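Chains, contacts and geometry: an overview
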Amino acid sequence: MPDRDSHRIELRVDRFVRERLQPASVVATASVALAAWEAPDEPVPFEEVPHDAFTPFRVGTSWGKPWGTTWFEVSGTVPVDWDAGAEDIELKMDLGFSLTQPGFQAEGLVWSPEGVILKALEPFNDYVRLGVRPGDPFRVYVEAASNPDIGAGFIDFRPSGLGRKSAASSDALYALRQVELLHRDPEVGELIADVWTLRGLAKELPEGSPRRAAILTALDEMVDVVDPTDVSGTASTGRAALAGALASPAAATAHTVYAVGHAHIDSAWLWPVRETIRKCARTFSNVLDLMEQDPDFTFACSSAQQFAWIRDGYPKLFERVRARVLEGRFIPVGGMWVESDTNMPGGEALVRQFIEGHRFFFDEFGLECREVWLPDSFGHSGALPQIARAAGADSFLTQKLSWNEVNQFPHHTFLWEGIDGTRIFTHFPPVDTYSAVLSGGELAHAERNFRDKGHANTSLVPFGFGDGGGGPTREMIAAARRTRSLEGSPRVLLSTPSAFFDDAKRELAVPAVWVGELYLEFHRGTYTSQARTKRGNRRSEHLLHEAELWAATATVRTGADYPYEQLEAAWRLVLLQQFHDILPGSSIGWVHDQAVQNYERIADALEGIITTAIAVLTGEDGSSEELRLDGAELRLNGAPVPVDGVPAFGFAPMPDHTPVPIIETDTGYTIDNGVLRVVLDSAGLVTSLLDVAADREVVPPGQRLGILQLFQDTPTTWDAWDIDVSYRASGSDLIDTDSVSIVTLADGTSALRTIRTVGSSTVIAQTISLGAGSNAVDYETRIDWRERQRMLKLAFPVDVHADAAASEIQFGHIVRPTHTNTSWDLARFETPAHRWVHVGEEGFGVGVANDSTYGHDITRHARSGGGTYSVVRQTLLRAPLFPDPEADQGEHTLRTAIVVGDIGEAMRQGYRLNIPVREVVGVASDRTAPLARSDRENVVVETVKLAEDRTGDVVIRLYEARGARSTATIRFGFPFATVRETDLFEREVAASVLTAGAREVTVDMRPFQLMTLRVTRG
C-alpha cells in the first residue's frame, strides 16, 4: 500500500471516529435536577451532610474554591421511551475537567441516598452506572473535590501559591460543564474499541508491512460499510469488517505481557494526606465497579496504610474490598506500610515498613505478600534485598530506573544482589510506565525495549491511571481483550503479579545479576529538599530506638507496662511520612507543614515514654548497693556503641568537665586536645588538622576545611527533585565573615563562632569545637535561610588518596567510586548517605558524620606535590520553587563532625551525633545494665524491643557493620530460657545461633548480615 494511501486512510478513519462514531455512542440524553451545598471548610462525611441546605445549581456555574468540597444532588427520572437495559443507562458529569492529564484536578465520589459509594468521577472516567431502567426515578450525591491542578501538565514548573490551603485564594477553580443522563449504545462503543486497538497497532508497524496494509484496508472498509446517518444500525456491520483483522493471531514468538490492573496513588504529593484518603475511596470504588462488570479483571494495590484509611473511614467500602481480596481479585501487594523511599529511611524503619504492612495484610486478609512493589521510588538502597528476603519476599518490582538521564539499565528481569550477598528476583517493566493504558504504542514499546530477549520473553505491565489515582477503565480492559492474541502485537494476558513472577522465574532459569544499589540517575535533589522533614524523620527514628530500648529495659527489670499502642502509633506515622514524595521533599508546602507538626507530636510522645522509663530505671529504690550512685547526675547512652566514655546502652557518672581551650594567635586560632591539633585562620577555616599520634596532616597543601559554598540551583525540570551537574559551574566560597569570636557553649565547651551574611538576608552562624580526648572536630551550622534557587554545601578537602568512598546505608555501608572512569560513575555525582561517609588509605582515613543530612558528593582532585586528595561535601540546603515556593525558608540547625580514624570511628561519631548521651539525676543500679550487648564492635545491636505478639519476649536486631565475617558473643542482662533466630516477623527460622552459657549466645555473621534474635526470658 503506497504511503499516501496509508495516510489518506488514517485521516479518514480518525475523522470518522471523531465526528461519527463517538457522537453515535450515545443514543439519547435526558436532563436532570441539580442542587449543591459547599462545605465551609474541611470535608465532612456523608452522614454529616446537611441535605436540607442544598440550593439549586445550574450547569455552567462556577464552583469550588481551592481544596474545597462541594456536594451536588443529582436527581431525575429515566425517560420511559428509552429502549435500554440498566447496563446502558449512565449519569455523565463533567466537573470542569482538563483533559491534558488524568488526575491532579477536580474529582468526584458518587453516593447513593443510603450512603453507599457507587463510583468516582474523573477526567477520563466521567460516568456512573445507576442500575435504573426506563421509568425509574433516581437520586445520587456527588462529593466533588476542587483540588487545584498544581502540576499544570508539568511543562514549566512555575511556583504556585495554591500548595498551602491557608495561602490560597477563595476564587472558584472550576465550572460545571455537563450533567446528563445517557443512554449508551454498547455496540457502537465496542466498534470504537475495535478501531482504537487496530489503529494503534497500525501506527507501530513498519510502513511496508503486509499486516499494516491489511489493518488499514479493514479500517477503510469499516468506514465504507457504516452508514454515517445510521451508525447505531450499522455498527455491527462495521465490526464484521474488522473481525478478520482482529482474529489474526499473534506470532508464536510474540512477547507476552502480563497486564495487571493498578493505580499508583501517591500517599501525599500535590495534595495533602487527607485528600489521598478520598482518592483511595474513589479509586477503590472504580475498581469494584469494574469487577462487577468483568469477572476476569484483577487489581493489584500496595500500601497497607491506604487499606487502613479505607477500613477506618469507609467501613462499608472496605467490606466490599475485603470480599474481593478473599476472592483473589483485589490483590494486596508489596507488603509494606507505604511505598516508601528506600534511600533515606533508617534500617529499622525499613524493617518496620514490612512488619507493619505484613501485620495489617495478615490480620485483615490472612495474606502474606511475596513481592516488594515500589514502581515509583527514587532509586533503591543496596540493603533492600536482604531486608526484603527477611520479610519473606522473593520478588521485587520497580519502574523508575527508566528515568535515568545517562545510562540505560541493562536488564529488565534479573537477580539483584545486595551488600550482604542476598539476591532477589527483580523485574523492571519495559513498558516504562506504571500507569499504562494498554495502547498499541505502549505494547510495542514494551516488546522493543525488553533487554533480555533471547533468554526471556515476558514482562509485566501495570495498567490504570496513577499518581493521583483513578485506576483502570473499561476502555483499558477492552483493549486487553482485543490484544490477547493479535498479529503484530505482544500477547496481553489479564493476570496477577504472582502469576507473572512464577512464570518469569520458570522462563529465565539463569538470570543476570546486578550487584549493589539501584541508583536513579535523576531526582538527586530529593536527598536534600525540605530539610525540616528530613531532620524530623532522622530524629523520630532515633527517638523510637531509644523509646523501645528504655521501655523494654524498664519492663524486663521492673515489670513496668510496655507502651505497645503508643509505639505502634508513632511508628506508623513515621512510616507514612517516609512515603516517596514526603521524606524526599517533593510535595506541596501543606504536606511538609503537616509533616513537621507530626514530628513535633511524635517527639513529645516519645520523650514522654523515654522519661518515664528512665525514671523507673533510676528511681531511688534500686538494688545492688555496689552500683548505687544516689542522687548523682548520670549519663545514659542509648547508642549501641560507646559514646563519650559511656558504654553502649549503659550509664556512667558525670565526668569532670575540662574544656579544651582555644588559643588566639596572630594569624588565627589553635585548638589542641592532645589527639588532634586544629589550626584555623582569621576567617574561621581550618588550615591544619593534625593527627598527633600518627603525625599525619589531614588538610591537603593549599586547602582549607569547613568551607561553606553557595551554588545556583536551577534544574532543567522537576525543581524539588533534581540537581543538575551544571550547578558546579556556578559555585562561590563563603569566606568573608561578619565576626569571629571565642564563645562558651551551654555545656561549658569552648568554641569558635563565625557569623556570615549571604546577600542581604541569609545569616549563617557556625561554631567549631573540639572535645577533650576526641578525634572529631564538631561543626554546628545555624542558618536563617532566605535564598531562592540556591544550594548550600559544606566542603571538607582531606589529604586522602582514595578511588572510592564508603557511605553508611541501612545495616552497613556501600562503597562508591570517586572517579569518573565510566558513564555510570559520572552520573553518580550526588549520592545519599545516612549518618556518615568515609574516605581512606591503608591505615589512615577521615570520616564526615552528620545529624540530619543525606545528600553528599565526594570527589578526587590533583594534589599539589603529586597524587590526589579527596573532597567530601555535605549538601545542607536547597531552595526550589516547585512545588513549594517556600521550601526551606527560615531557620535550620545542622551538626557535622569531621573524624580522623577508620570506618568504625566514623560510625561511632555518627551514633554520637544522632543519639546524644542523656543527662539525668537518679540512682544507677543493675536495673540500668544493658539488656543486650555485643563483644565485637563490628557486630552492632541496633534494636532492643519487646516482641510484636506481646508475649513479653525480648527481640534484638543486630548487624555486621564493617563488611567482615565475624563471630560475636551477645550477652544478655537477664536469664533466658531460649534464644531463637527469626525472620523480621519474629518467627523462627533455621538457627545459626549457638547457646554458650546462661546469659549469652555466640553468633556467626557474614559481612553486613542482618539478624533478628527472639529471647524468651527465663
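Owing to the predicted nature of the structure, the values given are computational and were not obtained by experimental measurement.

Before going further, it helps to spend a moment on the overall build of the chain. Helices and strands together make up the secondary structure of the chain, namely 17 helices and 53 strands. Computed over the C-alpha atoms, the radius of gyration of the chain is 31 Å, within 12% of the 31 Å expected from 2.2 N^0.38 for a compact globule of 1018 residues. Along the first, second and third principal axes, the C-alpha atoms of the chain reach 95 × 65 × 60 Å. The buried share among the 1018 residues of the chain stands at 63%. For the chain, the accessible surface area stands at approximately 35900 Å², while carbon and sulfur atoms represent 50% of it.

Ordered by their spatial adjacency, four strands build an open sheet running S47-S48-S53-S50, and the pairing between neighbours is antiparallel. A strand with exactly one partner marks an edge of an open sheet, and here the two such strands are strand S47 (939-946) and strand S50 (976-982). Adjacent strand axes in the sheet meet at a mean angle of 25° when their direction is disregarded. Both strand S48 (residues 954-960) and strand S53 (residues 1010-1017) contribute to a ladder of six bridges, which runs antiparallel. In the strand pairing of S53, Val954 is matched with Val1015. The sheet contacts of helix H8 (residues 347-365) involve S47, S48 and S53, and relative to S48 the element is tilted by about 130°.

The next point concerns the packing of aromatic side chains. All chains considered together, the criterion is met by 50 aromatic pairs. Relative to Trp269, the ring of Phe154 lies with its centre 5.6 Å away and its plane at 0°, an arrangement referred to as stacked. Of the two residues, Phe154 is situated in the loop between strand S10 (137-146) and strand S11 (174-175) and Trp269 in the loop between strand S13 (256-262) and helix H5 (273-293); the sequence distance between them amounts to 115 residues. Of the two residues, Phe154 and Trp269, neither departs from the other in class, the shared state being buried.

Another aspect to go through is empty space enclosed by the protein. Under the criterion given, the structure shown has nine cavities of 30 Å³ or more. As for the largest cavity, its lining consists of 23 residues, of which Gly346, Gly347, Glu541, Arg835 and Glu942 are closest to the centre. Within the residue set of the lining of the largest cavity, elements represented by two or more residues are H8, helix H13 (531-558), strand S37 (804-809) and S47. Broken down by element, the residue count for the lining of the largest cavity peaks at five residues, all from H13. Considering only residue class, the lining of the largest cavity consists of eight nonpolar, eight polar and seven charged.

A separate point is the pattern of salt bridges. This structure, assessed with the given rule, holds 94 salt bridges. A salt bridge links Arg139 to Glu73, with the nearest nitrogen and oxygen atoms 3.4 Å apart. Of this pair, Arg139 sits in strand S10 while Glu73 sits in strand S5 (residues 68-77), and the two are 66 residues apart along the sequence. Residue class for Arg139 comes out partly exposed when judged on its relative accessible area of 41%. Taking the shortest distance from any N to any O, the salt bridge between Glu319 and Arg322 comes out at 3.1 Å. Of this pair, Glu319 and Arg322 both sit in helix H7 (residues 315-327), three residues apart, which is roughly one turn of the helix. Bridged by salt links that share partners, the residues Asp41, Glu42, Glu107, Glu143, Lys165, Arg274, Glu275, Arg278, Lys279 and Arg282 form one connected network.

With antiparallel pairing, six strands are arranged side by side in an open sheet as S31-S30-S36-S43-S42-S39. Edge strands, defined here as strands with exactly one partner in the open sheet, are strand S31 (732-733) and strand S39 (831-832).

Across the interface, helix H6 (residues 304-313) lies against H7 with an axial gap of 5 Å and an inter-helix angle of 130°. Our classification of the angle between H6 and H7 gives oblique. For the pair H6 and H7, the crossing hand works out as left-handed. Every residue of H7 that contacts H6 at Phe307, Ile310, Arg311 and Gly313 is listed here: Pro315, Leu317, Phe318 and Val321. Per-class residue counts for the contact of H6 with H7 are six nonpolar, one polar and one charged.

A separate point is the environment of Ala560. Looking at the secondary structure, you find Ala560 in the loop between H13 and helix H14 (564-576). Here the alpha-carbon distance between Ala560 and Val616, two residues 56 residues apart in the chain, equals 8.0 Å. Not counting chain neighbours up to four residues away, the residues in contact with Ala560 comprise Ala554 and Thr555.

Attention now moves to the side chain of Gln530. Position of Gln530 among the secondary structure elements: in the loop between strand S22 (513-515) and H13. What makes Gln530 buried here is its relative accessible area of 6%. Once residues lying within four places of it in the same chain are set aside, the contact partners of Gln530 are Gly585, Ser587, His592, Asp884, Ala887 and Asp888.

Further remarks concern the pairing of strand S35 (residues 776-785). The buried count for S35 comes to eight of ten residues, which makes it a mostly enclosed element. When strand S34 (residues 762-770) meets S35, the two strands line up antiparallel, connected through eight bridges. Along S35, the bridge assignment pairs Ile764 with Ile783. Where S34 folds back onto S35 in an antiparallel hairpin, the turn is made up of five residues, including Gly773, whose phi is positive at roughly 70°. The pairing of S35 with strand S44 (residues 890-900) spans ten bridges and is classified as antiparallel. Of the residues in S44, the one forming a bridge with Glu780 is Arg895.

Here we come to the nonpolar core. Within the largest apolar cluster, 179 residues are counted, with the highest numbers of intra-cluster contacts made by Phe330, Ile956 and Phe972. Apart from the residues lying within four places of it in its own chain, the contact partners of Phe972 are Leu931, Ala932, Ile956, Val979, Arg999, Glu1000, Val1001 and Val1015. Within the second largest apolar cluster, 46 residues are counted, among which are Leu792, Val846, Ile898 and Val900.

In this section: the state of the cysteines. A full pass over the atoms with the stated rule returns zero disulfides. This cysteine, Cys280, is not joined by any disulfide, and Cys301 carries the nearest cysteine sulfur, 6.9 Å off. Of the residues examined, Cys280 reaches a relative accessible area of 0% and is grouped as buried. Sulfur of Cys369: no disulfide; nearest cysteine sulfur belongs to Cys301 and is 10 Å away.

About the criteria used
- Within each chain, residue numbers correspond to sequence positions counted from 1 in written order.
- Where local features are concerned, this predicted model is filtered to residues with pLDDT of at least 70; where side-chain atom pairs are given and counted, the filter is 80 or more; whole-chain, interface and lining totals use all residues.
- Side-chain descriptors were evaluated using all non-hydrogen atoms of the structure, hydrogens and water having been removed beforehand.
- Secondary structure counts use DSSP, requiring at least four H or I residues in a row for a helix and at least two E residues in a row for a strand, with both numbered from the N terminus.
- Taken over C-alpha atoms, the radius of gyration is set against a globule rule of 2.2 Å times the number of residues to the power 0.38.
- Exposure categories follow from relative accessible area, calculated using a 1.4 Å probe and restricted to protein chains: below 20% of the type maximum is buried, above 50% is exposed, and the middle band is partly exposed.
- A 1.4 Å probe and the Shrake-Rupley method give the accessible areas. Residues count as covered only by the protein chains that appear here.
- Only when DSSP finds a minimum of two bridges between them are two strands counted as paired.
- Here the axes come from fitting lines to C-alpha atoms, over the contacting stretch only for helices, and the angles between their N-to-C directions go from 0 to 180 degrees.
- Should any heavy atoms of two residues lie within 4.5 Å, those residues are counted as being in contact.
- Pairing of aromatic rings covers Phe, Tyr and Trp, the last counted by its six-membered ring, and requires centre-to-centre distances within 6.5 Å; plane angles under 30 degrees mean stacked, over 60 mean edge-to-face, and any other angle means tilted.
- With a 1 Å grid laid over protein atoms only, a set of points is called a cavity when a 1.4 Å probe fits there but cannot get out and a pocket when it is open yet has protein on both sides within 12 Å along at least five of seven lines; lining residues have an atom within 4 Å of a point.
- Grid points are joined across faces, edges and corners, and a volume is the space filled by probe spheres set on the points.
- Any residue outside Ala, Val, Leu, Ile, Met, Phe, Trp, Tyr, Cys, Pro, Asp, Glu, Lys and Arg is labelled polar, Gly included; the first ten of those are nonpolar and the last four are charged.
- Salt bridge, as used here: a side-chain nitrogen of Lys or Arg that lies within 4 Å of a carboxyl oxygen of Asp or Glu.
- Our angle categories are set so that under 35 degrees counts as roughly parallel, over 145 as roughly antiparallel, 65 to 115 as roughly perpendicular, and the remainder as oblique.
- Should the near helix be turned anticlockwise from the far one by less than a right angle, the crossing is termed left-handed; should it be turned clockwise, right-handed.
- Here, the term nonpolar core denotes a set of buried Ala, Val, Leu, Ile, Met, Phe, Trp, Tyr and Cys residues that are joined through side-chain atoms within 4.5 Å.
- The definition used for a disulfide is geometric: two cysteine sulfur atoms within 2.5 Å.

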